[in-house]
Amino acid sequence: MKKIVFLTGAGISVESGFSTFRGANGLWEEYKVEDVASIEGYWRNPSLVINFYNKLRKQLVESSPNEGHRLVASLEEHFDTTVVTQNVDDLHERAGSSNVIHLHGELMKVTSSSNPNDPRCIQTLTPERLDIHIGDKAKDGSQLRPFIVWFGEAVPMMEEAAKAAMQADIFVVIGTSLNVYPAAGLISYVPQGTKIYLIDPNPVRVPYGIDVHTIQKGASEGMKELKEILLAQK
Ligand code: OAD
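Scoring rules and cut-offs
- Residues numbered from 1 in each chain as written.
- Predicted model: local features only at pLDDT ≥ 70, side-chain atom pairs only at ≥ 80, totals over all residues.
- Heavy atoms only, no water.
- Near = heavy atom within 4 Å.
- Polar contact = N/O pair within 3.5 Å; in protein donor to acceptor, adjacent residues only side chain to side chain.
- Areas by Shrake-Rupley, 256 points an atom, 1.4 Å probe, with all protein chains shown as cover.
- Nonpolar A, V, L, I, M, F, W, Y, C, P; charged D, E, K, R; others polar.
- Domains from an automatic or database assignment.
- Buried < 20%, exposed > 50% of the residue type's maximum accessible area, 1.4 Å probe, protein only.
- Helix = DSSP H or I, 4+ residues; strand = E, 2+ residues; numbered from the N terminus.
- Pairing = 2+ DSSP bridges.
- Contact = heavy atoms within 4.5 Å.
- Buried area = accessible area lost by both parts, 1.4 Å probe.
- Salt bridge = Lys/Arg side-chain N within 4 Å of Asp/Glu carboxyl O.
- Axes fitted to C-alpha atoms, helices over the stretch in contact; angles between N-to-C directions.
- Expected span 1.5 Å × (residues − 1).
- Arc of directions from axis to C-beta.

## Focus on the site of the ligand
Then, in step 1: Residues in contact with the ligand amount to 23 residues; listed here are only the nearest, R22, T176, S177, D200 and N202.
Then, in step 2: The contact in question runs from an oxygen atom of the ligand to an N or O atom on the backbone of G175, over 3.3 Å.
Then, in step 3: Isolated, the ligand exposes 790 Å² of accessible area, and the fraction of that covered by the protein chains is 91%.
Then, in step 4: Looking at side-chain class alone, the shell around the ligand contains 10 nonpolar, 10 polar and three charged residues.
Then, in step 5: Summarising the domain contributions, the shell around the ligand has at least three residues from each of domain 1 (1-18 + 65-104 + 156-234) and domain 2 (19-62 + 108-148).

Right under this line is the structure:
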């Protein structure tokens, strides 16, 4: 089976009702990224940050995967599929994708403020208990915080993602502006000769010298077109 690797960003969840981060109406117009998505912001005002992610989590459980997520999952029938996502939502999993690498953490999980990547401290929230509060403690006694990789923090899943990219026979980028590193750098790990597709309704700047086949459409329309192309080539 050929290996297909997806790199997805906020754009794939737009049809599920989520905002992107950059651009008009992006989340970073409403909130300051340094306040709610940086480790310094968290230590400055933990309560603001905890509440911001509590709100996003509520929106997540009330939303559903869209056709774009489902079409990505449907390719598991035909390819050895890995989804590397920058998204903290669980919409790929809920659409049926079984091999998802979250580069920037997971909204449904919370962890220790002292040791965020200690697996013993990571807990999964449930629809019955969606919010965390100041005073809630992780296993190591520190304040519980969202399991999100903030600016200023290491990206522990990058190595596994890079390994997948290096083995890709087909690489597909969907709905990311490729502004945030190291995630955006994944495309440079793709072997020469591997076909790279990019699905986005807006122009995206890719690193110099990398050749991509662009499908300038929204995620679900674009995935429909891509699936036809890929199955015709099989
Ligand atoms: P961006 O907001 O930077 O980019 C979203 C991309 O989605 C843009 O290229 C849009 O053109 C595209 N888009 C919009 N509507 C779409 C649709 N219907 N279908 C497909 N694509 C569409 O979001 P990311 O690149 O994901 O990190 O941002 C990367 C990281 O920056 C995020 O993970 C987040 C943020 O700061 C953290 O919070 C740590």
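## Description of the pairing of strand β7 (residues 170-174)
Then, in step 1: The buried fraction of β7 amounts to five of the five residues, a majority that puts the element mostly inside the structure.
Then, in step 2: Of the two faces of β7, the one holding I170, V172 and I174 and the one holding F171 and V173 are both buried throughout.
Then, in step 3: Note: strand β1 (residues 3-8) against β7, five bridges, orientation parallel. Bridging from a neighbouring strand, I4 pairs with I170 of β7.

## Overview of the domain arrangement of the protein chain
Then, in step 1: One can read the domain layout of the protein chain as domain 1 (1-18 + 65-104 + 156-234) and domain 2 (19-62 + 108-148).
Then, in step 2: With centres defined by C-alpha atoms, the gap from domain 1 to domain 2 works out at 25 Å.
Then, in step 3: Contact residues are listed per partner, giving 15 residues for domain 1 and 11 residues for domain 2.
Then, in step 4: Taking both sides of the interface into account, the surface hidden between domain 1 and domain 2 amounts to around 1,000 Å²; carbon and sulfur atoms contribute 64%.
Then, in step 5: Its largest share of buried area at the contact with domain 2, domain 1 owes to A10, F18 and V88, together 45% of the area lost on that side.
Then, in step 6: For the pair domain 1 and domain 2, the interface holds zero salt bridges.
Then, in step 7: Joining domain 1 to domain 2, the criterion identifies two residue pairs in polar contact (both at pLDDT 80 or more).

## Some details on the side chain of S16
Then, in step 1: Its place among the elements puts S16 in the loop between β1 and α1 (27-30).
Then, in step 2: We classify S16 as buried; its relative accessible area is 14%.
Then, in step 3: With near-sequence residues (within four places) excluded, S16 lies in contact with S63, S64, P65, N66, H69 and L91.

## Digging into the sheet that holds strand β2 (residues 80-85)
Then, in step 1: Sheet architecture is open: six strands sit in the order β3-β2-β1-β7-β8-β9, paired in parallel fashion. The sheet is open, and its two edges are formed by β3 (100-102) and β9 (213-215), each paired on a single side. Taken pair by pair, the neighbouring strands of this sheet meet at an average axis angle of 20°, ignoring direction.
Then, in step 2: In the sheet, strand β8 (residues 195-199) pairs with β9 via three bridges, with the strands oriented parallel. Opposite I199, over in β9, you have I215 as the bridge partner.

## A closer look at helix α8 (residues 219-233)
Then, in step 1: Helix length check: α8 (15 residues) gives 21 Å between terminal C-alpha atoms against 21 Å at 1.5 Å per residue, within 8%.
Then, in step 2: If you check which residues of α8 are buried, you get A219, S220, G222, M223, L226, K227 and L230. Along the axis of α8, the buried positions cluster into a sector of 145°, meaning they face one direction only. Opposite the buried face of α8, at more than 90 degrees from it, the exposed residues are E228 and A232.

## A word on the pattern of salt bridges
Then, in step 1: Under the defined criterion, the tally for this structure stands at 11 salt bridges.
Then, in step 2: The residue E62 makes a salt bridge to K58 at a minimum N-O spacing of 3.2 Å.
Then, in step 3: The exposure class assigned to E62 is exposed, which follows from its relative accessible area of 59%.
Then, in step 4: The exposure class assigned to K58 is partly exposed, which follows from its relative accessible area of 46%.

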